[in-house]
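What the coordinates show
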Amino acid sequence: MNVIIIEDEKPSARRLQRMLANLQIEANTLLHSVEESIAWFSENAHPDLIFLDIQLSDGLSFEIFEAIKINSAVIFTTAYDAYALQAFKLNSIDYLLKPIDEEDLARAVTKYETRLPIQKSVVLDFDDIRKMLVNPLDRAYKKRFSVKIGQHLKLIAAEDIECFYSENKGTYAYTSDGRNYLLDVSLEQLEPDLEPNVFFRVSRKFFVNIDAIKDMISYTNSRIQIKLKTFTEHDIIVARERVKNFREWLE
């Protein structure tokens, strides 16, 4: 498999390169800007797969596709909120949210491999995607969620939810009055509807509401343990690779 990485942060590019090596995938070409990438694609055979950061130092990576027709599969790597990535799903494009998780990376690679030899050329509506990326404040997030209780539907205000979490293949909303409600969506499907200034995904299992945080405690391996106002059913630990972003989110 011929793979390249386009990422303007060199340490992040090298980290992804090492993670791919653990999957027996060599990514020997690392590109770091729109200009460099356009020059490289003009002079080299296109790879099978591109790991592509959205925001590069000299512009959005979509400018590469606008300049050159690229016939490669793409897995986007991005720190953007998940709602902005819905457009990629519509085009069957995979994406990984930074910081990249090893299990997520392995799944994305497997998904790519199982699709071969399907045509891999990228067809995206760049204008629509760009609008979604550069105007995040225009996004309307859910203020309430409906849950089914027996034959009845109940509305829960987002502000009353201390956390969302997954357990035994189910997704739950835990409210400030100490009740759990089973939802009919996964955490991944739920993420685009959550206000990013209010809810943060601290791990693969938990989203927490900033207004429900009671205490934060240093934990092993440079992690952080979170105590919520009423939720005590499980320990909530900020994953090590998410600690930096979590600290920034708090501010």
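For the structure given in this document, a descriptive report is provided here. Small disclaimer: the values here were computed from a predicted structure and weren't measured. (Residues numbered from 1 in each chain as written. Predicted model: local features only at pLDDT ≥ 70, side-chain atom pairs only at ≥ 80, totals over all residues. Heavy atoms only, no water.)

Considering the sheet that holds strand β10 (residues 161–167)
Taken in spatial order, the five strands of this open sheet run β12-β11-β10-β14-β13, and their pairing is antiparallel. Among the strands making up the open sheet, the edge pair consists of β12 (180–183) and β13 (199–201). Taking the axes of each pair of neighbouring strands and ignoring which way they run, one obtains an average angle of 20 degrees across the sheet. Two strands pair when backbone bridges link them, and strand β11 (residues 170–175) and β12 are joined in this way by four bridges, in the antiparallel orientation. Following the sheet pairing, Y174 is matched in β12 by N180. (Pairing = 2+ DSSP bridges. Helix = DSSP H or I, 4+ residues; strand = E, 2+ residues; numbered from the N terminus. Axes fitted to C-alpha atoms, helices over the stretch in contact; angles between N-to-C directions.)

Concerning the pattern of salt bridges
Pairing between side chains becomes possible if they bear opposite charge and their charged atoms approach one another. Counted by the stated rule, this structure contains seven salt bridges. A salt bridge links R204 to D101; the nearest nitrogen and oxygen atoms lie 3.8 Å apart. Here the residue R204 occupies a position in the loop between β13 and β14 (206–209), and D101 occupies one in the loop between β7 (94–97) and α5 (102–115), the gap between them amounting to 103 residues. We classify R204 as partly exposed; its relative accessible area is 33%. A salt bridge links E103 to R204; the nearest nitrogen and oxygen atoms lie 3.9 Å apart. Of the two residues, E103 is situated in helix α5 and R204 in the loop between β13 and β14; the sequence distance between them amounts to 101 residues. By relative accessible area, which is 47% here, E103 ends up partly exposed. (Salt bridge = Lys/Arg side-chain N within 4 Å of Asp/Glu carboxyl O. Buried < 20%, exposed > 50% of the residue type's maximum accessible area, 1.4 Å probe, protein only.)

Regarding helix α2 (residues 34–43)
Working note: α-helix, 3.6 residues per turn, so residues spaced by three or four point in the same direction. Listed in full, the buried residues belonging to α2 are V34, S37, W40 and F41. The buried residues of α2 occupy an angular sector of 130 degrees when the element is viewed end-on, so they sit on one face. The outward face of α2, more than 90 degrees from its buried face, is lined by the exposed residues E35, S42 and E43. Structurally, α2 contributes buried residues whose contacts are with β1 (3–6), β2 (29–31), β3 (49–53), β4 (55–56), β5 (59–60) and α3 (62–67). (Arc of directions from axis to C-beta. Contact = heavy atoms within 4.5 Å.)

Some remarks on the side chain of S203
Relative to the helices and strands, S203 resides in the loop between β13 and β14. The class of S203 is buried, set by a relative accessible area of 12%. Reaching out from S203, the side chain makes a polar contact with the backbone nitrogen of F206 at a distance of 3.3 Å. (Polar contact = N/O pair within 3.5 Å; in protein donor to acceptor, adjacent residues only side chain to side chain.)

Topic: the sheet that holds β1
Read from one edge of the open sheet, five strands run β2-β1-β3-β6-β7, paired in parallel fashion. Only two strands of the sheet have a single neighbouring strand rather than two, namely β2 and β7. Here the average twist between neighbouring strands, direction ignored, is 20 degrees. One ladder, built from five bridges, connects β3 with strand β6 (residues 73–78); its direction is parallel.

Comments concerning the packing of aromatic side chains
Evaluated as defined, the whole model comprises eleven aromatic pairs. Here Y174 and F231 contribute two aromatic rings whose centre-to-centre distance is 4.8 Å and whose plane-to-plane angle is 85 degrees, an arrangement assigned as edge-to-face. Of this pair, Y174 sits in strand β11 while F231 sits in the loop between β16 (223–228) and β17 (236–238); the two residues are 57 residues apart in sequence, bridging distant segments of the chain. By the burial criterion, Y174 is buried, and F231 matches it. Aromatic rings pair up to connect Y165, Y172, Y174, F206 and F231 into one cluster. (Phe/Tyr/Trp six-rings, centres within 6.5 Å; stacked < 30°, edge-to-face > 60°.)

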